[in-house]
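Close look at the chain arrangement
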Amino acid sequence: MLNNKNTKILWHFSLTLCVMKKSAIIVLFLAISLSDALFAQRVYQKDSAGVAKIGRLQAEEFILPAALIGIGAVGSQIDDIKELDFGLRHHDFRKHHGFVVEDVLQYVPLASVYALKMSGVKSAHSYLDATVLAAGSFCITGAAVFALKKLVDEERPNGRDFDSFPSGHAAKAFMGAEMLRKEFKETSPMIGYAGYAVAAATSLMRVKHSEHWLPDVVAGAGIGILGTQLAYLICPPLQKMVFGRWIERKGLNSGDFAFVGMPFSNGEVTGVSLALVF
């Protein structure tokens, strides 16, 4: 327990990895030591005048993702939980080929952040700040998913490979859903709920297509949410340290940056091109 004037986080990760034949057991315990009954960590956010202001990131926000990661890790070792599929999976369905809907659906919550901003819906951050937060969330989430896939080496239900735990699709979907919730919670909580519904649908589709066991997507959801929350804690002060002086020297603030999007297709690849304008 830390007790001083400036409240601090003590993150204690305990990771136990036991490998037996081709199965891996991961027990992940996340302990958060808090000073006072209710803890808040300082984070920096920019207002419209470009002046840093103090926000508060409640420790309670970390309970849900930590619980999901823990449930997923433990559930992956219990066959009755691992094989639960809510009747979605075709048990003779071993492999899918080509495009599946969740390959696109996983990006819908994050894309919705920009779509709503371009539509004029009020959000918590400017285009520049939101993009830094999205990049940070993606990097943290992607690194965690990649590392765990290599450590756990869990076989997929369809036997395609040994990258089942955790689900990257679920992690990216819930990463975007949590960012959607944070950006628009003051405008309408329903926007965040919709993002979480899309993320849940993405996860269930992975189970349906025999790409993942249920605990894989549960853990992936927790990792995605946690990745976004850590990005909101780490990225604002990092952005200020790296770009703050340049922005001040140019006489700009984060609200002076915007994105312009243009769809494109060359017959083989279809997508959206984004340009940063300032």
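Some remarks on the overall build of the chain
- The helix and strand inventory of the chain stands at eight helices and six strands.
- Secondary structure elements of the chain occur, N-terminal to C-terminal, as β-β-β-β-α-α-α-α-α-α-α-α-β-β.
- Buried residues in the chain amount to 40% of all 278 residues.
- A separation of at least 24 residues holds for 66% of the contacts in the chain among residues at least 6 apart in sequence.
- Just so you have it, the chain exposes about 15,200 Å², and 63% of that area is on carbon and sulfur atoms.

A word on helix H5 (residues 127-152)
- For H5, spanning 26 residues, the distance from its first C-alpha to its last is 37 Å, which sits close to the expected 38 Å at 1.5 Å a residue.
- Phi turns positive, to about 60°, at Asp-153, one or two residues after H5.

Quick notes on a nonpolar patch on the surface
- Nonpolar side chains collect at one region of the surface, where Ile-234, Leu-238, Met-241 and Val-242 lie side by side and expose about 390 Å² of accessible area between them.
- The exposure class of Met-241 is exposed, given its relative accessible area of 63%.

Thoughts on the packing of helix H4 (residues 108-118) against H5
- Relative orientation of the contacting elements H4 and H5 amounts to 180°, with a least axis distance of 12 Å. On the basis of the axis angle, H4 is roughly antiparallel to H5. Contacts from Leu-110, Tyr-114, Lys-117 and Met-118 of H4 reach H5 at Tyr-127, Ala-130, Thr-131 and Ala-134.

Things to note about H4
- Turning to H4, its buried residues are Pro-109, Leu-110, Val-113, Tyr-114 and Lys-117. One side of H4 holds all its buried residues, which, seen down the axis, span an arc of 155°.
- Count one or two residues on from H4 and you reach Gly-120, which has phi positive near 90°.

Quick notes on the packing of aromatic side chains
- Applying the stated rule across the entire model yields one aromatic pair.
- Pairing Phe-174 with Tyr-196 gives two aromatic rings, centres 5.6 Å apart and planes at 70°, and the pair type is edge-to-face. Of the two residues, Phe-174 is situated in helix H6 (residues 168-184) and Tyr-196 in helix H7 (residues 189-208); the sequence distance between them amounts to 22 residues.
- Taking NZ or CZ as reference, Lys-117 lies 4.9 Å from the ring centre of Tyr-127, over its face.

Here we look at the pattern of salt bridges
- One pass over the structure, following the stated rule, counts 10 salt bridges.
- Arg-160 is the salt-bridge partner of Asp-161, the closest N and O atoms lying 3.7 Å from each other.
- Across the pair Glu-178 and Arg-181 runs a salt bridge, and its minimum N-O distance is 2.7 Å. In this pair, Glu-178 and Arg-181 are both assigned in helix H6, three residues apart and thus about one turn of the helix distant.
- Overall, Glu-178 belongs to the buried group, its relative accessible area being 2%.
- Connected through shared salt-bridge partners, Glu-102, Arg-156, Arg-160, Asp-161, Arg-206 and Glu-211 make up one network.

Let's talk about the environment of Arg-181
- Using a relative accessible area of 25% as the deciding quantity, one classes Arg-181 as partly exposed.
- Each C-alpha atom of the pair Arg-181 and Ile-191 lies 6.6 Å from the other, and the pair is 10 residues apart in sequence.
- Setting aside anything within four residues of it in sequence, one finds Arg-181 in contact with Glu-61, Gly-192 and Tyr-196.

Remarks on unusual backbone geometry
- Looking along the chain, the bond that leaves Phe-165 and enters Pro-166 is cis, with omega of -10°.
- In this structure, Asp-153 takes a positive phi of about 60° despite not being glycine.
- Counting through the fold element by element, Asp-153 comes out in the loop between H5 and H6.
- Asp-153 gets classed as partly exposed once you look at its relative accessible area, which sits at 38%.

Digging into the side chain of Ser-76
- Mapped onto the elements of the fold, Ser-76 is located in the loop between helix H1 (63-75) and helix H2 (79-82).
- Those residues in contact with Ser-76 that sit more than four places away from it in its chain are Lys-82, Phe-165 and Pro-215.

A word on the environment of Ala-170
- For Ala-170, the position within the fold is in helix H6.
- Given the relative accessible area of 0%, Ala-170 is considered buried.
- It is 8.5 Å that separates the C-alpha atoms of Ala-170 and Asp-216, two residues lying 46 residues apart in sequence.

Some details on the confidence of the model for the chain
- Across the chain, the average pLDDT comes to 75, with 63% of residues at or above 70.
- Taking the mean pLDDT of every element in the chain, the minimum, 35, falls on strand E1 (residues 10-20) and the maximum, 97, on H6.
- Across residues 1-57 the pLDDT falls below 50, and counting only partners more than four positions away or on other chains, this stretch makes 103 contacts in the model.

Calculation rules
Residues numbered from 1 in each chain as written. Predicted model: local features only at pLDDT ≥ 70, side-chain atom pairs only at ≥ 80, totals over all residues. Heavy atoms only, no water. Helix = DSSP H or I, 4+ residues; strand = E, 2+ residues; numbered from the N terminus. Buried < 20%, exposed > 50% of the residue type's maximum accessible area, 1.4 Å probe, protein only. Contact = heavy atoms within 4.5 Å. Areas by Shrake-Rupley, 256 points an atom, 1.4 Å probe, with all protein chains shown as cover. Expected span 1.5 Å × (residues − 1). Patch = residues over 30% accessible without salt bridge, like charges linked within 9 Å, V, L, I, M, F, W, Y side chains within 5 Å. Salt bridge = Lys/Arg side-chain N within 4 Å of Asp/Glu carboxyl O. Axes fitted to C-alpha atoms, helices over the stretch in contact; angles between N-to-C directions. Parallel < 35°, antiparallel > 145°, perpendicular 65-115°, else oblique. Arc of directions from axis to C-beta. Phe/Tyr/Trp six-rings, centres within 6.5 Å; stacked < 30°, edge-to-face > 60°. Lys NZ or Arg CZ within 6 Å of the ring centre and 35° of its normal. pLDDT = per-residue confidence, 0-100.

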